[in-house]
Amino acid sequence: MFVCSCFGVTEAQVQQHADGGACTPRQIASACKAGTDCGSCVRRIQAILGRGACSRRDPADQDRPVVAEFPGAPELEEAA
């Protein structure tokens, strides 16, 4: 069954991307464009993903960097 008729994306394709790690409609859109044209399929994508499909992010205060470092990016000074 088609979820996104604009791009011909099926429910099985959305599920495949979800199984591959896509947790949000935006991530599904990045993977297959579903939800990026008229937007009528976004609620269906949300339903397929379901609540709690992916674990919540860990709190930022667990001795891990919150922001990834990018090679070649200028180093920033700490705020006073």
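Overview of the nonpolar core
Then step 1. Val 3, Val 9, Val 14, Ile 28, Ala 34 and Ile 45 are the most contacted members of the largest nonpolar core, which totals 13 residues.
Then step 2. Taken together, the elements giving at least two residues each to this core come down to strand 1 (2-4), helix 1 (11-19), helix 2 (25-32) and helix 3 (42-49).
Then step 3. At three residues, helix 3 tops the list of elements feeding residues into this core.
Then step 4. Those residues in contact with Ile 28 that lie beyond four places of it in its chain are Val 14, His 17, Ala 18, Ala 22, Lys 33, Ala 34, Ile 45 and Leu 49.

Remarks on unusual backbone geometry
Then step 1. Phi at Lys 33 takes a positive value of approximately 75 degrees, unusual for a residue other than glycine.
Then step 2. Secondary-structure assignment places Lys 33 in the loop between helix 2 and helix 3.

Topic: the environment of Thr 36
Then step 1. Structurally, the position occupied by Thr 36 is in the loop between helix 2 and helix 3.
Then step 2. Along the backbone, Thr 36 and Phe 7 are 29 residues apart, and their C-alpha atoms lie at a distance of 9.1 Å.
Then step 3. Among all residues touching Thr 36, those that are not within four sequence positions of it are Phe 7 and Ala 29.
Then step 4. A distance of 2.6 Å separates a polar atom in the side chain of Thr 36 from the backbone oxygen of Lys 33.

A closer look at the pattern of salt bridges
Then step 1. All chains considered together, the criterion is met by one salt bridge.
Then step 2. Between Glu 11 and Arg 44 there is a salt bridge whose closest N-O contact spans 2.8 Å. Residue Glu 11 is located in helix 1, and its partner Arg 44 is located in helix 3; the two are separated by 33 residues in the primary sequence.
Then step 3. Relative accessible area serves as the criterion here: at 31%, Glu 11 is assigned to the partly exposed category.
Then step 4. Residue classification places Arg 44 among the partly exposed positions, given a relative accessible area of 35%.

Cut-offs and rules
- Residues numbered from 1 in each chain as written.
- Predicted model: local features only at pLDDT ≥ 70, side-chain atom pairs only at ≥ 80, totals over all residues.
- Heavy atoms only, no water.
- Core = buried A, V, L, I, M, F, W, Y, C linked by side-chain atoms within 4.5 Å.
- Buried < 20%, exposed > 50% of the residue type's maximum accessible area, 1.4 Å probe, protein only.
- Helix = DSSP H or I, 4+ residues; strand = E, 2+ residues; numbered from the N terminus.
- Contact = heavy atoms within 4.5 Å.
- Polar contact = N/O pair within 3.5 Å; in protein donor to acceptor, adjacent residues only side chain to side chain.
- Salt bridge = Lys/Arg side-chain N within 4 Å of Asp/Glu carboxyl O.

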